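Per-entry structural report
So the chains spell out like this:
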Amino acid sequence: MSHQGHGGTHFTSWAQTLIKASCKEIAPIQGSQFTFDGKALIVCGEKGCHVLNPSTLECLHIVNCNGENGLRGFCLSKDNILVLATGNNLNTFQLQVDTGNVTSQLLFSTSCHEPETLAIHNDLLATGSSDGMCQLSKIVPQTEIHVEILPDSGSKPVLCLGFSSDGKKLAVGFLDGDIRIWITVERTLWCSIHGHKGPVHAIKFGMKRTANLVISCGSDGLAKAWNIVEGKGTQNHLDYCNGCYCFIDPSVTIKFKSHTSAIKAAELAENGDVLCTAAEDGSIKLWLVKPHNGVESIVARSLTGGGAMATVAYSQKISRLATITAKGTMKIWGIVPHTGQKGMFAK
């Protein structure tokens, strides 16, 4: 892994590239995520999983995943439970992260139907496959994963998954542009939305002030914020699924007309007030999301990732944004936190 430190080129008054590096040896890149404490950055590629120092992008640890057919995806919990999908298996590790020192211990391996994409919330694990199967599992510490197939998942390839901040709902994005949301406790389908003209590559629930939003990003170059709440009655935009009404208010559904190519990755930052979108043409944009009589969106800044983007990650603890291309070009951006009218978006 090569890395190069930079004094920093100021693109705006709020961000600068701190470090550039390459992890091409594990490309194509599948995903990335900071640990909750910001002490490490996990980067997963088809050829391996590396744990990096976010200050230098030096490799601290290589997770031994032993995947014969390559890694398909990964997810990381707040407790540093790392789940790697290889072939038809889910390998679950416990990461121990100290400053400059990382270890991983394999807890157990579980058979799973062709997992292509994963999401985790506490002890709930969701997986989606290319044949449309969605599975919701419960991780039993140190023991195993209990797998259960979600009803009404269909046969369309699953591309992305995302839990709500309380873990009560799971949103799923499909190849044909559809979005479905399940209630996790009851394992029932809550609503279906035709979200995009083409594949949905990223889906996120809002946090705190934006917790009522589901944000989806697609190959049509759009990011959409859906204001979805439970409702009653027979309004035109009321969707009825399995005994539950879900109201989708079109007056507050925002289209972020952000990119001219497919959006491949998205991340929420600043407690859900900021949306980062990254596209196939290498463009990266940050948006200010402000729920006020619906939603207001303001395009904030545009950055350049250096190639077709694969993944973005943000750490609230250390105010760092990581952008990584499919071929493994990495950048760490220093971010000035957003505070009201000043800070992140101040000119």
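In what follows, the structure referred to is the one given above.
Values in this document were obtained by computation on a predicted structure and should not be read as measured data.

Some points on the sheet that holds strand β8 (residues 81–86)
The strand order β7-β8-β9-β10 describes an open sheet built from 4 strands, whose pairing is antiparallel. This sheet does not close on itself; its edge strands, each paired only once, are β7 (71–76) and β10 (101–111). Within this sheet the neighbouring strands show an average axis-to-axis angle of 25°, counted without direction. Strand direction decides the pairing type here: strand β9 (residues 89–98) and β10, joined by 10 bridges, are antiparallel. Looking across to β10, one finds that Gln96 is bridged to Thr103.

Structural notes on the sheet that holds strand β6 (residues 59–63)
Reading across the sheet, the 4 strands line up as β3-β4-β5-β6 and stay open at both edges, with antiparallel pairing between neighbours. Strands at the two margins of the open sheet, each flanked by one partner only, are β3 (29–34) and β6. In this sheet, adjacent strand axes meet at a mean angle of 20° when their direction is disregarded. Where strand β5 (residues 48–52) lies against β6, 4 bridges are found, and the strand directions are antiparallel. Bridge pairing links Leu52 to Cys59 in β6.

What to know about the pattern of salt bridges
Scanning all chains against the criterion turns up 5 salt bridges. Linking Lys204 and Glu267 is a salt bridge whose minimum nitrogen-to-oxygen distance equals 3.6 Å. Here Glu267 lies in strand β25 (residues 263–269) and Lys204 lies in strand β19 (residues 200–205), a separation of 63 residues in the sequence. Classification of Lys204 as partly exposed rests on a relative accessible area of 28%. Where salt bridges share partners, they join Lys156, Asp176 and Asp178 into one cluster.

A look at the nonpolar core
Side chains that are nonpolar tend, in soluble globular proteins, to be buried together. Core analysis: the biggest nonpolar cluster contains 17 residues, and Cys23, Ile29, Leu41, Val43, Leu57, Met330 and Ile332 have the highest contact counts within it. Contributing elements (two or more residues each) for this core: β2 (15–22), β3, β4 (41–45), β29 (309–315), β30 (320–325) and β31 (329–335). Formed by 16 residues, the second largest nonpolar core is a distinct cluster that contains Ala40, Cys49, Cys65 and Leu84.

Some thoughts on the packing of aromatic side chains
Any pair of aromatic rings gets described here by the distance separating the centres and the angle formed by the planes. Per the counting criterion, the structure on display carries 0 aromatic pairs. Just above the ring of Trp190 sits the side chain of Lys169; from NZ or CZ to the centre is 4.7 Å. In this structure, Arg180 packs its charged tip against the face of Phe174, placed 5.5 Å from the ring centre.

Comments concerning the pairing of β29
Within β29, 7 of the 7 residues are buried, which leaves the element mostly enclosed by the surrounding structure. Sheet topology places β29 next to β30; 6 bridges connect them, and they run antiparallel. For Met309, the partnering residue across the bridge sits in β30 and is Thr325.

Here is what the cut-offs are and how they apply
Residues numbered from 1 in each chain as written. Predicted model: local features only at pLDDT ≥ 70, side-chain atom pairs only at ≥ 80, totals over all residues. Heavy atoms only, no water. Pairing = 2+ DSSP bridges. Helix = DSSP H or I, 4+ residues; strand = E, 2+ residues; numbered from the N terminus. Axes fitted to C-alpha atoms, helices over the stretch in contact; angles between N-to-C directions. Salt bridge = Lys/Arg side-chain N within 4 Å of Asp/Glu carboxyl O. Buried < 20%, exposed > 50% of the residue type's maximum accessible area, 1.4 Å probe, protein only. Core = buried A, V, L, I, M, F, W, Y, C linked by side-chain atoms within 4.5 Å. Phe/Tyr/Trp six-rings, centres within 6.5 Å; stacked < 30°, edge-to-face > 60°. Lys NZ or Arg CZ within 6 Å of the ring centre and 35° of its normal.

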